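# Secondary and tertiary structure notes
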Amino acid sequence: MEKDDTMIAAAPIRFYGKDIAEMPFFATDEAFRGKGFCRLFIGLIEQFLLNLKVKQWIISSTRESLEMWKEKFNFDAIIDRGLKRKVASCNMLVLPQVIRLHKKIYDVQDLNMAQIPEE
């Protein structure tokens with residue numbers, strides 16, 4: 001993310017088909033922290049993944065930023081065994097002392113349920 005040719009934030013994203021998108025790290029320039037750019041950028045990435053119909057978004061978090069990802073961006077620990085196996089089968093970047101979190105992005109079943117009119 002740039003503003004007036006100045007780099008504000010950056011995040012690599014790797015895709016594993018439509019099942020998983022991985023964001024191994026996220027960085028915001030110190031001068032722009034606390035000004036809403038992270039929230040804006042994460043929102044843009046989420047909308048992009050939704051448009052691509054990616055099912056799960058996997059991120060790596062340090063213990064220090066764990067609550068931020070959970071509370072501000074609705075990420076959660078990976079507890080589903082099927083998702084754990086799928087993540088383990090991907091060639092993801094593994095950084096020391098990080099915790100993997102996930103967020104469900106696109107679910108056809110949820111979309112179908114949302115379109116069923118109530119009687």
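For the structure, check the block above.
Residues numbered from 1 in each chain as written. Predicted model: local features only at pLDDT ≥ 70, side-chain atom pairs only at ≥ 80, totals over all residues. Heavy atoms only, no water.

### Details of the overall build of the chain
Within the chain, the regular secondary structure consists of four helices and nine strands. Reading the chain from its N terminus to its C terminus gives the helix and strand order β-β-β-β-β-β-α-β-α-β-α-β-α. Residues counted as buried form 34% of the 119 residues belonging to the chain. Taking as baseline every contact in the chain between residues at least 6 positions apart, the subset at least 24 positions apart corresponds to 67%. As presented, the chain carries roughly 8,300 Å² of accessible surface, and 52% of it is formed by carbon and sulfur atoms. (Helix = DSSP H or I, 4+ residues; strand = E, 2+ residues; numbered from the N terminus. Buried < 20%, exposed > 50% of the residue type's maximum accessible area, 1.4 Å probe, protein only. Contact = heavy atoms within 4.5 Å. Areas by Shrake-Rupley, 256 points an atom, 1.4 Å probe, with all protein chains shown as cover.)

### Side note on the packing of helix α1 (residues 37-51) against helix α2 (residues 66-73)
Where α1 meets α2, the axes come as close as 12 Å, and the angle between the chain directions of the two elements is 65 degrees. Relative to α2, α1 is oriented roughly perpendicular. The interaxial crossing formed by α1 with α2 has right-handed handedness. Of the residues in α2, those touching α1 at Cys38, Arg39 and Ile42 are Trp69, Lys72 and Phe73. (Axes fitted to C-alpha atoms, helices over the stretch in contact; angles between N-to-C directions. Parallel < 35°, antiparallel > 145°, perpendicular 65-115°, else oblique. Left-handed = near helix turned anticlockwise from the far one by under 90°.)

### What to know about the packing of aromatic side chains
Applying the stated criterion across every chain, the model contains seven aromatic pairs. Both rings, one in Phe15 and one in Phe48, keep their centres 6.5 Å apart while their planes meet at 70 degrees; by these two values the pair is edge-to-face. Remark: Phe48 occurs in helix α1 and Phe15 occurs in strand β4 (residues 14-16); sequence separation between them is 33 residues. Judged by centre distance (5.2 Å) and plane angle (45 degrees), the ring pair of Trp69 and Phe73 falls under tilted. One end of the pair, Trp69, and the other, Phe73, are both in helix α2, four residues apart, so they sit about a helical turn from each other. With respect to burial, Trp69 and Phe73 carry one shared label: buried. An aromatic cluster is defined as three or more aromatic residues linked by ring pairs; in this entry it consists of Phe26, Phe41, Trp57, Trp69, Phe73 and Phe75. In this structure, Lys103 is placed above the aromatic ring of Phe75, and the distance from its NZ or CZ to the ring centre is 5.6 Å. (Phe/Tyr/Trp six-rings, centres within 6.5 Å; stacked < 30°, edge-to-face > 60°. Lys NZ or Arg CZ within 6 Å of the ring centre and 35° of its normal.)

### Points about the environment of Met23
Relative to the elements of secondary structure, Met23 occurs in strand β5 (residues 20-23). A relative accessible area of 1% means that Met23 is categorised as buried. If we ignore the near neighbours within four places in the chain, the residues touching Met23 are Ala11, Pro12, Ile42, Ile45, Trp57, Ile58, Ile59, Ser60 and Trp69.

### Points about the pattern of salt bridges
On inspection of all chains with the given rule, the structure shows five salt bridges. Between Lys55 and Asp19 there is a salt bridge; the shortest N-O distance is 3.3 Å. One end of the pair, Lys55, is in the loop between α1 and β7 (56-61); the other, Asp19, is in the loop between β4 and β5, and 36 residues separate them in sequence. Here Lys103 makes a salt bridge to Glu46, at a shortest N to O gap of 2.7 Å. One end of the pair, Lys103, is in strand β9 (residues 99-104); the other, Glu46, is in helix α1, and 57 residues separate them in sequence. Judged by its relative accessible area of 11%, Lys103 is buried. Accessibility expressed as a relative area gives 26% for Glu46, which makes it partly exposed. Residues joined by salt bridges that share partners form a network here, namely Asp19, Lys55 and Lys86. (Salt bridge = Lys/Arg side-chain N within 4 Å of Asp/Glu carboxyl O.)

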